[in-house]
Each structure stands twice: as C-alpha cells, then as structure tokens.
Amino acid sequence: MTVRAPAPQAAGPRRRAPARAPRRRGPGPLPWIAPALLLIALVVLWPVYEMVRTSFLRVSTSGFVRGPAGLDKYRKLLGEADLGRVLLSTVLWTVAVVALTMVLSLGLAQLFDQRFPGRRFARWALIAPWAASVLMTAIGFRWMLDRTAGVLNTAMTDLGLVDGPRDWLGDPATAWPWMVAVAVFVSLPFTTYTLLAGLQTIPGELYEAARVDGASRWQTYRRLTLPLLRPAFLVGLVINLINVFNSFPVIWGMTQGGPSSDTATTTVFVYQLKSSDIGESAAMSVVNFALVVVMVLAFLKVTGRARGEES
C-alpha cells in the first residue's frame, strides 16, 4: 500500500509591504551657510566690485563722480616715479618680516613646549603684543623713537652711545629696520601659538621610538618634528604673508610712509594717492589685490606640488 504525500496547498496571496511615503527632501545646507555667504558677499565681493569700478571713473577728492576714465588711471599709476621703489620695498618688507617672524616663533614655540619655572607667566606675557592695538603699539614706538623727547635718544645720549639725538624715523635707512622690528613684535604671538599647537599634537611615543632607535636630537628634530609640524607651519606662513603684505597700521603709525614715499608699501601708497586722485588710488588697490591673489595661488601651487612629490 502506497502512501501518497498530501497535495501541496495553494499558497495564499502574498502580503505587500506597506508603501513607503515619499521622502521629503529638506532644504539642504543652504540655509545654514547662507548667512556666511551673505557676509562674504557684503564684506569681500561688494567692496572688490566697487574698487574695480572706481578705478575706471574720474572721481573728485570730495567723492563726486565726474564720468568714465577708461584706463587713464592705470596709465597714470604706471607713470608714477615712486611705484617701482614702493613695489620693491613691499617685497623686501614682506620677506624680512615673515622670515624673522617664522624663525623666532619656531624657537619660542620650542621653548614654551618645554617645562620650566614661570612658563605660564611667559605664555601670558607673549599675548600682550597681540592683545594690544597694532596702531597703538606703533604710535608708542614712534614716541619712544622721537628725536626730541624719545626715551631711546635720551638713554643713548646719557650713556654716551651717540653724540646727539638722532631722527630714527626720518631716515629710511634706520626707519625700515625699526618698522620691521615692530611688525615682527606684533606678529610673534599668533605665529608662536600656531606652531605651539602643532608641536603639542605630535605624540610623545614617536619621540620615544626615535630615542630607542638611537636617533640624535638633531635627527629627531629634522626627520620627525619638522615634517609633522609642516601643516601648522604652512598655516602660520600663509596668514603672515597676507597680513604683512597688507600691513598698514605699523607703517602709517610710525612714518606715514614718509619722507615722501620712501618708507611706503603698496597698501600705504594707496592711502597716499587717495588725497590727490581717488581713481588712481582705486587702481593701485586693484593692483595690490591682484598681487595678493597671485602670491597666494603661487604659494598653494608650490606647496601642493611638494605634497605630491612626498606622496
């Protein structure tokens, strides 16, 4: 007798999964970044547009537009006898201040990364030049270097170091070194703390491993510390390049670019031209802005190429 398997029962209708409600797409990140974009448009883009537009206009010293000027303001600017000297002074000023700032900040960051008595007080003291107004600092140094009532002349005369009072800021040969020193003085705090933050991100285990491998202090510093410090170093370098190139308070507060334009950079030269021709001053501003953009792009290209070679 054969036993038949029960016939399979017909499968019932499959239950369909409930349809999902269509996903509503949110507004995205635009509402969150809109205030920042609006601020950039108002603070950066609109002034740049007005600067370029003004450079093609004839504007009186009282601010009234007299009509279009075409490229006349740029031709007048290129014909300025002081333009070449101002451009050269700007390059030398930027290189000197940034180089000294980065070297001294690197040394100070290494010092403050060590433990020593009074380290906290020393760190606080370094913030003072950054906390004070740059223009106020420049004016204070100008008073100190004053020919008749300056503390420096009085002290040096009493000590017999000079025969009589010297006009330190009246001669470009002595004014430039003093302005470079003041610019470095006010640039040190930010750069030092940037590099110090970079040093403190380096794990101590790496130094222990280098010590176990028998690396000397110089080898450890050159092959370990400097490569790992490079991101912080580049941040400080780029920001210093832009700030020093566009520096106005230090030079204006100490010499106002004088005598004539002998101690002026491009930024100060813009302000000097404003008193005689606003359109020409705007043309100089456009040239100055273009130089900053070219400088930053060139720097980013060089650093990007260096990163590609390392990888």
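Check the entry above for the structure.
Residues numbered from 1 in each chain as written. Predicted model: local features only at pLDDT ≥ 70, side-chain atom pairs only at ≥ 80, totals over all residues. Heavy atoms only, no water.

Peer 1: Now, about the overall build of the protein chain: what can you tell me, with residues and values included?
Peer 2: From N to C terminus, the protein chain includes twelve helices and two strands. Counted from the first residue to the last, the protein chain has its helices and strands arranged as α-β-β-α-α-α-α-α-α-α-α-α-α-α. Counting every position in the protein chain, which comprises 311 residues, the buried fraction comes to 34%. In the form shown here, the protein chain has an accessible surface area of approximately 20,400 Å², with 65% of it arising from carbon and sulfur atoms. (Helix = DSSP H or I, 4+ residues; strand = E, 2+ residues; numbered from the N terminus. Buried < 20%, exposed > 50% of the residue type's maximum accessible area, 1.4 Å probe, protein only. Areas by Shrake-Rupley, 256 points an atom, 1.4 Å probe, with all protein chains shown as cover.)

Peer 1: Give me helix α11 (residues 266-274): which residues, what numbers.
Peer 2: Taking burial as the measure, the nine residues of α11 include seven buried ones, the bulk of the element. Listing the buried residues of α11 in full gives T266, T267, V268, F269, V270, Q272 and L273.

Peer 1: Give me the pattern of salt bridges: which residues, what numbers.
Peer 2: Counted by the stated rule, this structure contains nine salt bridges. Between D82 and R85 there is a salt bridge whose closest N-O contact spans 2.8 Å. Between R211 and E208 there is a salt bridge whose closest N-O contact spans 3.0 Å. Of this pair, R211 and E208 both sit in helix α8 (residues 204-212), separated by three residues, roughly a single helical turn. (Salt bridge = Lys/Arg side-chain N within 4 Å of Asp/Glu carboxyl O.)

Peer 1: Can you explain the packing of aromatic side chains? Please cite residues and give values.
Peer 2: Per the counting criterion, the structure on display carries nine aromatic pairs. Note on W93 and W176: the rings are 5.9 Å apart at their centroids and 55° apart in plane angle, and the pair reads as tilted. Remark: W176 occurs in helix α7 (residues 172-200) and W93 occurs in helix α3 (residues 83-112); sequence separation between them is 83 residues. For the pair formed by W93 and W176, the shared burial category is buried. Ring geometry for W252 against Y271: centres 4.8 Å apart, planes inclined by 75°, an arrangement best described as edge-to-face. Of this pair, W252 sits in helix α10 (residues 249-254) while Y271 sits in helix α11; the two residues are 19 residues apart in sequence, bridging distant segments of the chain. The class of W252 is partly exposed, set by a relative accessible area of 23%. Clustering of aromatic rings is evident, with ring pairs tying together F248, W252 and Y271. (Phe/Tyr/Trp six-rings, centres within 6.5 Å; stacked < 30°, edge-to-face > 60°.)

Peer 1: With reference to specific residues and values, describe a nonpolar patch on the surface.
Peer 2: Taken together, L30, W32, I33, L37, L38, L39, I40, L42, V43, V44 and L45 make up a surface patch of nonpolar side chains, about 1,200 Å² in accessible area. Summarising the element assignment, V43 is placed in helix α1 (residues 30-54). According to the relative accessible area criterion, V43 is exposed, its value standing at 53%. (Patch = residues over 30% accessible without salt bridge, like charges linked within 9 Å, V, L, I, M, F, W, Y side chains within 5 Å.)

Peer 1: Requested: an account of the layout of surface pockets, with residues and values cited.
Peer 2: Roughly 490 Å³ of volume is contained in the largest pocket. Q114, Y207, R211, T220 and T225 are the residues nearest the centre of the largest pocket, which is lined by 16 residues in total. Of the residues contributing to the lining of the largest pocket, the split by class is five nonpolar, seven polar and four charged. The computed volume of the second largest pocket comes to approximately 270 Å³. Lining the second largest pocket are 15 residues; nearest its centre among them are V134, A183, V186, S187 and N243. At the level of elements, α4 (119-131), α7, α9 (217-245) and α10 are the ones that each hand at least two residues to the lining of the second largest pocket. When residues of the lining of the second largest pocket are assigned to their parent elements, the largest contribution, five residues, is made by α7. A class-by-class count of the residues in the lining of the second largest pocket yields ten nonpolar, five polar and no charged. (1 Å grid on protein atoms, 1.4 Å probe; cavity = no way out; pocket = protein on both sides within 12 Å on 5 of 7 lines; lining within 4 Å. Points joined across faces, edges and corners; volume = space filled by probe spheres on them. Nonpolar A, V, L, I, M, F, W, Y, C, P; charged D, E, K, R; others polar.)

Peer 1: Would you mind going over the side chain of T194 in detail, with residue names and values included?
Peer 2: Mapped onto the elements of the fold, T194 is located in helix α7. When sequence neighbours within four positions are dropped, the list of residues in contact with T194 reads A232, V235 and G236. (Contact = heavy atoms within 4.5 Å.)

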